[in-house]
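So you can see what is in the structure, the chains are spelled out below.
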Amino acid sequence: MSVVRAAALLLACLGLQVGLVRLAPTSPRYVDFLVLPVLWYGIRSSQRSAMLVGCAGGLLRDAWFSAGVLGLNGFTKTFLGWVLGGLGARVDLNSGGTRLVVAAAFSVSQSALDLGLRRLLDRVTTSPDPVEWAVRAVTAGLLVAVGFPILDRVMGTAAGRSAR
């Protein structure tokens, strides 16, 4: 994992997220650009890389967009990056359909983990909204479908070659 590449990718996704929030202030409920680096490194790289990028991306999201518990997104993205990195090291997740399913499952898992951790910390939570979770899952899948070919081009990964 190149630290400079990971940092550049995280900053680019943060810039996209900030720009989207300026256009649509309620968009962070449904779209999370900082999931893209975690999914990229989880599917294409090592478990350690996915964890580190997940931690950095989650903490960036917490610092810029969350008013609640600082570090909650950092923990959830770190944990799910660890799970995805372990799964990606054992199973090939690089096909287009598999990426969509992984992104949707990642989004739903992140929402469920976030809800559970908030309840564990005695934070006031509302009942989960399945429509909101479904919209998040679909947007994460679409983000991966659009973002991964762009990342393939920018990060210099050929279609037939893995970034491992």
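Only a predicted model underlies this, so the values are computations on that prediction, with no experimental measurement involved.

Parameters at a glance
Residues numbered from 1 in each chain as written. Predicted model: local features only at pLDDT ≥ 70, side-chain atom pairs only at ≥ 80, totals over all residues. Heavy atoms only, no water. Core = buried A, V, L, I, M, F, W, Y, C linked by side-chain atoms within 4.5 Å. Buried < 20%, exposed > 50% of the residue type's maximum accessible area, 1.4 Å probe, protein only. Helix = DSSP H or I, 4+ residues; strand = E, 2+ residues; numbered from the N terminus. Salt bridge = Lys/Arg side-chain N within 4 Å of Asp/Glu carboxyl O. Contact = heavy atoms within 4.5 Å. Polar contact = N/O pair within 3.5 Å; in protein donor to acceptor, adjacent residues only side chain to side chain. Phe/Tyr/Trp six-rings, centres within 6.5 Å; stacked < 30°, edge-to-face > 60°.

> Quick question: what am I supposed to make of the nonpolar core here?
Nonpolar side chains in soluble globular proteins tend to end up buried together. Of all hydrophobic cores here, the largest spans 28 residues; its most connected members are Leu39 and Tyr41. Elements with a contribution of two residues or more to this core: helix 1 (3-23), helix 2 (35-44), helix 3 (47-65), helix 4 (72-90), helix 5 (96-120) and helix 6 (130-155). If you tally residues by element for this core, the top one is helix 2, at seven residues.

> Explanation requested: the pattern of salt bridges in the structure shown.
Close approach of charged atoms lets side chains of opposite charge pair. Using the criterion set out here, one finds six salt bridges in the structure. Between Asp114 and Arg118 there is a salt bridge whose closest N-O contact spans 3.0 Å. Taken together, the positions of Asp114 and Arg118, both in helix 5 and four residues apart, correspond to about one turn of that helix. Of the charged contacts, one joins Arg136 and Glu132 as a salt bridge, the two residues approaching to 2.3 Å between their closest N and O atoms. Residue Arg136 and its partner Glu132 are located together in helix 6, separated by four residues, close to a single helical turn. Here the salt bridges share partners, and the residues they tie into one network are Arg29, Glu132 and Arg136.

> Please clarify how the environment of Cys55 should be interpreted in this entry.
Mapped onto the secondary structure, Cys55 falls in helix 3. A relative accessible area of 29% places Cys55 in the partly exposed class. In sequence terms Cys55 and Ala104 are 49 residues apart; their C-alpha atoms lie 20 Å from each other. In this structure Cys55 touches Gly74 and Thr78, once residues within four positions along its chain are discounted.

> Explain unusual backbone geometry to me, please; I cannot follow it from the model alone.
Excluding glycine, most residues fall at negative phi; most peptide bonds, likewise, are trans. Even without a glycine there, the phi angle at Asp122 is positive, about 60 degrees. Within the secondary structure, Asp122 sits in the loop between helix 5 and helix 6. By relative accessible area, Asp122 is classed as exposed at 70%.

> Looking at this model, I keep getting lost on the side chain of Glu132. Mind explaining?
Using a relative accessible area of 11% as the deciding quantity, one classes Glu132 as buried. Among the polar contacts listed, one links the side chain of Glu132 to the side chain of Arg29, at a separation of 2.5 Å. With near-sequence residues (within four places) excluded, Glu132 lies in contact with Arg29 and Tyr30.

> I'm lost on the packing of aromatic side chains in this one. Help?
Ring pairs (aromatic) are described by centroid distance and by the angle formed between their planes. A complete count under the given rule lists three aromatic pairs for this structure. Ring geometry for Trp40 and Phe148: centres 5.2 Å apart, planes at 70 degrees, overall edge-to-face. In this pair, Trp40 sits in helix 2 while Phe148 sits in helix 6, placing the two residues 108 residues apart along the sequence. Of the two residues examined, Trp40 and Phe148, each falls in the buried class. A ring pair is formed by Phe79 and Trp82, whose centres lie 5.9 Å apart and whose planes are at 35 degrees; its orientation type is tilted. Linking Phe79 with Trp82, this pair stays in helix 4, spanning three residues, or about one helical turn. Relative accessible area serves as the criterion here: at 35%, Phe79 is assigned to the partly exposed category. Cluster of aromatic residues (ring-pair linked, three or more members): Phe75, Phe79 and Trp82.

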